[in-house]
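The lines below spell out each chain.
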Amino acid sequence: GTNQVLQALSYECLILLMTENDDVWPSLVCVALFTTAAWIIAKLDLFLSRRILFTSAVLMILPPICASISLMLQKQKWPFDKDNSKTRTAHNALVPAVYALHVLWIW
């Protein structure tokens with residue numbers, strides 16, 4: 001349960017800080033802190049092999065990173081992308097990846 005709460009808090013920080021307040025760095029720091037805390041709690045709570053710990057770390061870290069990148073691409077106006085078609089394509093590819101990684105983590 002603690003892992004899901006920390007993941008939810010990291011997404012809440014992304015929503016509040018990056019989307020509503022346009023503060024990129026504080027939201028990324030909060031995501032890093034909550035994700036690191038979730039991984040440390042999982043590591044200390046469960047006695048698992050190094051391979052499973054590495055896999056769990058990847059599955060915990062990648063969804064918030066993909067969501068952060070997706071939000072940054074959506075919020076910024078890029079000079080190389082006048083009609084936002086490239087950033088929209090990247091955003092549309094990253095959002096399902098976030099959900100798929102969470103399903104893999106739960107499974």
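Cut-off values and rules
Residues numbered from 1 in each chain as written. Predicted model: local features only at pLDDT ≥ 70, side-chain atom pairs only at ≥ 80, totals over all residues. Heavy atoms only, no water. Helix = DSSP H or I, 4+ residues; strand = E, 2+ residues; numbered from the N terminus. Buried < 20%, exposed > 50% of the residue type's maximum accessible area, 1.4 Å probe, protein only. Contact = heavy atoms within 4.5 Å. Axes fitted to C-alpha atoms, helices over the stretch in contact; angles between N-to-C directions. Parallel < 35°, antiparallel > 145°, perpendicular 65-115°, else oblique. Left-handed = near helix turned anticlockwise from the far one by under 90°. Nonpolar A, V, L, I, M, F, W, Y, C, P; charged D, E, K, R; others polar.

Participant: Mind laying out the overall build of the protein chain, listing which residues take part and the relevant values?
Facilitator: A tally of regular secondary structure across the protein chain gives 4 helices and 0 strands. Scanning the protein chain from its N terminus toward the C terminus, one meets helices and strands in the order α-α-α-α. For the protein chain, the C-alpha atoms occupy an extent of roughly 50 × 25 × 20 Å along the three principal directions. Put simply, the protein chain has 107 residues, and 29% of those count as buried. For the protein chain, the proportion of contacts with a sequence separation of at least 24, taken over those separated by at least 6, is 64%.

Participant: So what about the packing of helix α1 (residues 2-20) against helix α4 (residues 85-106)? Which residues, and what values?
Facilitator: In the contact formed by α1 and α4, the axes pass within 13 Å of each other and the chain directions differ by 170°. Taken as axis vectors, α1 and α4 run roughly antiparallel relative to one another. For the element pair α1 and α4, the recorded crossing hand is right-handed. Every residue of α4 that contacts α1 at Asn 3, Gln 4, Gln 7 and Tyr 11 is listed here: Val 98, His 102 and Trp 105. The class makeup of the residues in the contact of α1 with α4 is 3 nonpolar, 4 polar and no charged.

Participant: Lay out the side chain of His 91 in plain terms, naming residues and giving numbers.
Facilitator: Relative to the assigned elements, His 91 resides in helix α4. According to the relative accessible area criterion, His 91 is buried, its value standing at 19%. With near-sequence residues (within four places) excluded, His 91 lies in contact with Ser 70 and Gln 74.

Purely spatial values, then, with no claim about function.
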